[in-house]
Amino acid sequence: ITTDITERKTLEEELRRRASHDRLTGLPNRELFMDRLRHALERTRRRRGRTVVVLFMDLDGFKVINDSLGHEVGDLLLVIVSQRLRRCLRPEDTLARFGGDEFVALLEEVEDPNEAARVAERITHELRKPFLLEGRELFVSISIGIALGNARQKTSEDLLRDADTAMYWVKEGGSGYRVFDPAMYERAVTRLDLANDLRRAVEVDEL
């Protein structure tokens, strides 16, 4: 007795894909990205001199587009942005969407750390080109934080945090890209501690 389970298997595969990919862009989601990042770091243990690079990217002014032109236009813009970003990367690189207007890229087997900056420059140049949506010409820019490391230096969570921190430093200065350095994290922690101390001082009337 035989039973054709092709349809069931196809459905199961589609459900697995949906669980690990962003529905709007079709890109890997955070969970799949972090899994690939962990495996990429583990491979650096066996290949000395190789580095993993994470690029944390956020569109500048995206909320204005959403609020003024509507979420449908915003969604269409995100789909086109994801296509442009994909063209700036190698086929073996991973591009993911974390939600909203946040995208993250994973570059493996990087021998020259300067390659990360070259990729960031390609991306910023590509996104400077206008987007034609709903009869309108839109311009967007992007902020990119870059973190580099291997399994002997960083965990996957460390690398993502470092790239995110560098991206926020870019945001404060406008747009473009920056490579993470430890001083960024130290200043961020100092600023957080200061904000907490001030809030506590207000609550207990110690100002």
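Residues numbered from 1 in each chain as written. Predicted model: local features only at pLDDT ≥ 70, side-chain atom pairs only at ≥ 80, totals over all residues. Heavy atoms only, no water.

A. Up close: the pattern of salt bridges. Taken as a whole and assessed by the stated rule, the structure comprises 18 salt bridges. Across the salt bridge formed by Glu126 and Arg87, the nearest N and O atoms sit 3.1 Å from each other. Residue Glu126 is found in helix α5 (residues 114-128), and its partner Arg87 is found in helix α4 (residues 71-87); the two are separated by 39 residues along the sequence. Taking relative accessible area as the criterion, Arg87 reaches 57% and is therefore assigned exposed. Linking Arg161 and Asp158 is a salt bridge whose minimum nitrogen-to-oxygen distance equals 3.9 Å. On the criterion of helical spacing, the pair formed by Arg161 and Asp158 is a turn pair, its members being three residues apart in helix α6 (residues 156-173). Assessed through its relative accessible area of 22%, Asp158 is described here as partly exposed. (Salt bridge = Lys/Arg side-chain N within 4 Å of Asp/Glu carboxyl O. Helix = DSSP H or I, 4+ residues; strand = E, 2+ residues; numbered from the N terminus. Buried < 20%, exposed > 50% of the residue type's maximum accessible area, 1.4 Å probe, protein only.)

B. The arrangement of unusual backbone geometry in detail. In this structure, Glu109 is a non-glycine residue whose phi angle is positive, near 55°. Considering the arrangement of structural elements, one finds Glu109 in strand β3 (residues 102-110).

C. Spotlight on the confidence of the model for the protein chain. Put simply, the protein chain has an average pLDDT of 86, and 85% of its residues get 70 or more. Here helix α7 (residues 182-203) is the element of the protein chain with the lowest mean pLDDT, 63, and strand β2 (residues 94-99) is the one with the highest, 96. (pLDDT = per-residue confidence, 0-100.)

D. Broad picture of empty space enclosed by the protein. Considering all chains together, one arrives at one cavity of 30 Å³ or more under this definition. Here the largest cavity is characterised by a volume of approximately 30 Å³. In this structure, the largest cavity is lined by Ala40, Arg43, Thr44, Arg50, Val52, Glu108 and Glu109. Mapped by element, the contributors of at least two residues to the lining of the largest cavity are α2 (30-44) and β3. Among the elements that make up the lining of the largest cavity, the one with the highest residue count is α2 (three residues). By residue class, the composition of the lining of the largest cavity is two nonpolar, one polar and four charged. (1 Å grid on protein atoms, 1.4 Å probe; cavity = no way out; pocket = protein on both sides within 12 Å on 5 of 7 lines; lining within 4 Å. Points joined across faces, edges and corners; volume = space filled by probe spheres on them. Nonpolar A, V, L, I, M, F, W, Y, C, P; charged D, E, K, R; others polar.)

E. Summary view of the side chain of Arg84. Tracing the chain through its elements places Arg84 in helix α4. As a buried residue without a salt bridge, Arg84 has its nearest oppositely charged side chain in Glu126, at a separation of 4.1 Å. Contact partners of Arg84, with chain neighbours within four places excluded, come to Glu126, Leu127, Lys129, Pro130 and Phe131. (Lys, Arg positive; Asp, Glu negative; His and termini not counted. Contact = heavy atoms within 4.5 Å.)

F. A look at the environment of Val119. Summarising the element assignment, Val119 is placed in helix α5. Note on Val119: relative accessible area 2%, which makes it buried. Discounting chain neighbours no more than four positions away, the residues touching Val119 are Leu55, Cys88, Leu89 and Leu107.

G. Representation of the nonpolar core in the model. In terms of nonpolar packing, the biggest core is built from 31 residues, with Leu55, Met57, Leu85 and Ile123 touching the most fellow members. Secondary structure elements with two or more residues in this core: β1 (51-60), α3 (62-69), α4, β3, α5, β4 (131-133) and β6 (141-149). Those residues in contact with Leu55 that sit more than four places away from it in its chain are Phe103, Val104, Ala105, Leu107, Val119, Ala120, Ile123, Ile144, Gly145 and Ile146. Judged by nonpolar contacts, the second largest core, of 18 residues, contains Phe33, Ala40, Val52 and Val104. (Core = buried A, V, L, I, M, F, W, Y, C linked by side-chain atoms within 4.5 Å.)

H. Quick look at the packing of aromatic side chains. Using the criterion set out here, one finds two aromatic pairs in the structure. Ring geometry for Phe56 against Phe98: centres 6.0 Å apart, planes inclined by 90°, an arrangement best described as edge-to-face. You can see Phe56 sitting in strand β1 and its partner Phe98 sitting in strand β2, a full 42 residues away along the chain. Neither residue differs from the other here; Phe56 and Phe98 are each classed as buried. Site record: aromatic cluster; members linked through ring pairs are Phe33, Phe56 and Phe98. For Arg84, the ring lying beneath its charged end belongs to Phe131, and the centroid distance is 3.7 Å. (Phe/Tyr/Trp six-rings, centres within 6.5 Å; stacked < 30°, edge-to-face > 60°. Lys NZ or Arg CZ within 6 Å of the ring centre and 35° of its normal.)

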